[in-house]
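Single-letter residue listing:
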Amino acid sequence: MRFPNRSLVVATALVPAVSALAYGAGELDARLPSALSAGLVAGGGVLTLAGVLALLRGVRQSAERTKQAGKTIVRLERKMDRALVRIDRRVGGLEDMGAAWHAECLRAVTRAHDLVERGFARVDGQVDRGYRSLEREIRRSYAQLEAFTDLRALIVPRAPLPPLRGWAASPDVLRMMAGWILRTHPKTIVECGSGSSSVWMGYLAERIGATIIALEHDPRYAEASRDLVRAHGLSGVVEVRDAPLQPWESEGRTYPWYSLDALDDIEDVGLVFVDGPPGDTGPDARYPALPLLLPRCAEQVAIFLDDAAREGDRAVSDHWAARFPEVVRTVHAAEKGLDVFVRSGA
C-alpha cells in the first residue's frame, strides 16, 4: 500500500498545531490584537487548503494507479482469453489427432485382415490346385500301372526290363501298339528313335516273327540301345541303325531328319512308331516320317505319333491329317498325347 505524499502529511499535522497555538494565546492574553488571531486563522486556512490539495493529488494519483491496474487487468484478461482459445484449439487438435490415430489403427487392422483373408484364399487355392494335381497324377499313375500290368503279362523277359515313362515311351502307348501288333501281325516295324520301346516291342515281334528297325541319330545312344537289345537276346529281331540327321526339303521348307540311306531296304511296314527326332532338333522335326515312310508301308498300317500333346507335334499331326487324307487320324488321351493314323487297306 502507498501512503499520501509528504506535503499532505505536513499540512495535516500543522492544522491542529496552529489551532492549538491560537487557542492557547487567546487564553493567555485575551488582549492580543484581533489581527493576530485573524492571521492565525488565515494561516490555518492556508495550511488546511494545502492539505486538501495534497489529499486531492493523492486521490488523483491513486485513481490513475487504479486505472492503470484496471488496464493491466484487462490486458491480463485478454491474454487469458487468448490462452484459453489456444488451449481449446490444442485440445481440439488432440481430439482430432486421437480420431485420426484411431482411424489409422482401424485401417491398419482392416488391411491386416484383408491380407490374412487373401493369404487364406491363396492357400486354399493352392491346396485345391495341389489336390486336383495330385488327383490327376494318381489317375495317370493308375492308368500307367494298369497298362504296365497288361504289358508285363504278355512278356517273359530274359533280363531286367528297361524303365518306361519319362523320356521313354509310356505303358499306355506301348499297350496300344502291342494290341495292333498282336492283332495285325505286321512284318516290319519301324521306330523313329530307339531305347526301352525297342526291347518291349522286340519281345512281341519275336513272338509273331516280325522285324524291328530302329533309326537312331545319336551314335552313343545307338550303341547303348544295341547293348540293351543284346542283353535281352533280341539282336536277331531288333536292328538299331545309325541314321544321322540330314536336311530334307518339302513344300519350300527344310526339316532335319534321319539319313535316307537308312531307309534303302525298308518295305512292307505295318507299324511306324514316331518318337524322334527329339523336339529340340528343330520345329516340326517329326513331319518327314509320314511322307517318307508311307510309300514303304503295307496296305494296312498304323502310324503312332507320340508326344502329340506338345505344340510342335500337334502341328505335325494337323499337317499330316490335311495332306494325307488316305490315313484316318484318331486322338487318344495318353499320358503324353497320342495320335494314331491308320490306313486299313480295305
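Keep in mind that this is a model prediction, so the values were computed, not measured.

A short note on helix α3 (residues 171-184)
And then number 1: Its 14 residues place the ends of α3 20 Å apart at the C-alpha level, agreeing with the 20 Å of an ideal helix rising 1.5 Å per residue.
And then number 2: Where α3 ends, the next residue or the one after it, H185, has phi of about 50 degrees, a positive value.

A word on the sheet that holds strand β1 (residues 188-192)
The strands making up a sheet associate through backbone hydrogen bonding, with each pair oriented either parallel or antiparallel.
And then number 1: Reading across from one edge, β3-β2-β1-β6-β7-β9-β8 is the order of the seven strands in this open sheet, with mixed pairing throughout. Every interior strand has two partners, whereas the edge strands, β3 (238-242) and β8 (328-332), have only one. Taken over all neighbouring pairs, the strand axes of this sheet differ in orientation by 15 degrees on average, direction set aside.
And then number 2: Contacts from helix α5 (residues 219-231) reach β2 (211-216) and β3 within the one sheet, and its direction differs from that of β3 by about 165 degrees.

Focus on the environment of R286
And then number 1: Inspection of the secondary structure assignment puts R286 in the loop between β6 (269-274) and α6 (289-293).
And then number 2: Residue R286 is classed as buried on the basis of its relative accessible area of 4%.
And then number 3: In this structure, the C-alpha to C-alpha distance between R286 and L305, residues 19 residues apart in sequence, is 8.8 Å.
And then number 4: Setting aside residues up to four positions removed in sequence, R286 forms contacts with V274, D275, G276, P277, P278, L305, D306, D307, R310, D313, V316 and W320.
And then number 5: Polar contacts involving the side chain of R286 include one to the main-chain carbonyl oxygen of D275, which spans 3.2 Å.

Some details on the environment of H319
And then number 1: With respect to the element layout, H319 can be found in helix α7 (residues 311-323).
And then number 2: Of the residues examined, H319 reaches a relative accessible area of 26% and is grouped as partly exposed.
And then number 3: Spatially, the C-alpha atom of H319 lies 9.6 Å from that of D284, the residues being 35 residues apart in sequence.
And then number 4: When sequence neighbours within four positions are dropped, the list of residues in contact with H319 reads E251, Y255 and Y287.

So, the layout of surface pockets
And then number 1: Here the largest pocket is characterised by a volume of approximately 580 Å³.
And then number 2: Looking at the lining of the largest pocket, the elements with two or more residues in it are β1, α4 (196-208) and α5.
And then number 3: Split into classes, the residues belonging to the lining of the largest pocket amount to eleven nonpolar, nine polar and nine charged.

A closer look at unusual backbone geometry
And then number 1: Omega for the bond connecting G276 with P277 falls within 30 degrees of zero, at -5 degrees, which places this linkage in the cis form.
And then number 2: With respect to the helices and strands, the residue P277 is situated in the loop between β6 and α6.
And then number 3: Not every positive phi belongs to a glycine, and H185 is a case in point at roughly 50 degrees.
And then number 4: For D268, which is not glycine, the phi torsion reads 55 degrees and is therefore positive.
And then number 5: Relative to the assigned elements, D268 resides in the loop between β5 (253-258) and β6.
And then number 6: By relative accessible area, which is 31% here, D268 ends up partly exposed.

Details of the pattern of salt bridges
And then number 1: Scanning all chains against the criterion turns up 25 salt bridges.
And then number 2: Between D218 and R220 there is a salt bridge, with its nearest N and O atoms 3.7 Å apart.
And then number 3: When the shortest N-O distance is used, the salt bridge between R230 and D227 registers 2.2 Å. Of this pair, R230 and D227 both sit in helix α5, three residues apart, which is roughly one turn of the helix.
And then number 4: The partly exposed category is assigned to R230, whose relative accessible area is 43%.
And then number 5: Among the residues examined, D227 registers a relative accessible area of 39% and is labelled partly exposed.
And then number 6: One salt-bridge network, in which partners are shared between bridges, spans E223, R226, D227, R230 and D242.

Rules and cut-offs
- Residues numbered from 1 in each chain as written.
- Predicted model: local features only at pLDDT ≥ 70, side-chain atom pairs only at ≥ 80, totals over all residues.
- Heavy atoms only, no water.
- Helix = DSSP H or I, 4+ residues; strand = E, 2+ residues; numbered from the N terminus.
- Expected span 1.5 Å × (residues − 1).
- Pairing = 2+ DSSP bridges.
- Axes fitted to C-alpha atoms, helices over the stretch in contact; angles between N-to-C directions.
- Contact = heavy atoms within 4.5 Å.
- Buried < 20%, exposed > 50% of the residue type's maximum accessible area, 1.4 Å probe, protein only.
- Polar contact = N/O pair within 3.5 Å; in protein donor to acceptor, adjacent residues only side chain to side chain.
- 1 Å grid on protein atoms, 1.4 Å probe; cavity = no way out; pocket = protein on both sides within 12 Å on 5 of 7 lines; lining within 4 Å.
- Points joined across faces, edges and corners; volume = space filled by probe spheres on them.
- Nonpolar A, V, L, I, M, F, W, Y, C, P; charged D, E, K, R; others polar.
- Salt bridge = Lys/Arg side-chain N within 4 Å of Asp/Glu carboxyl O.

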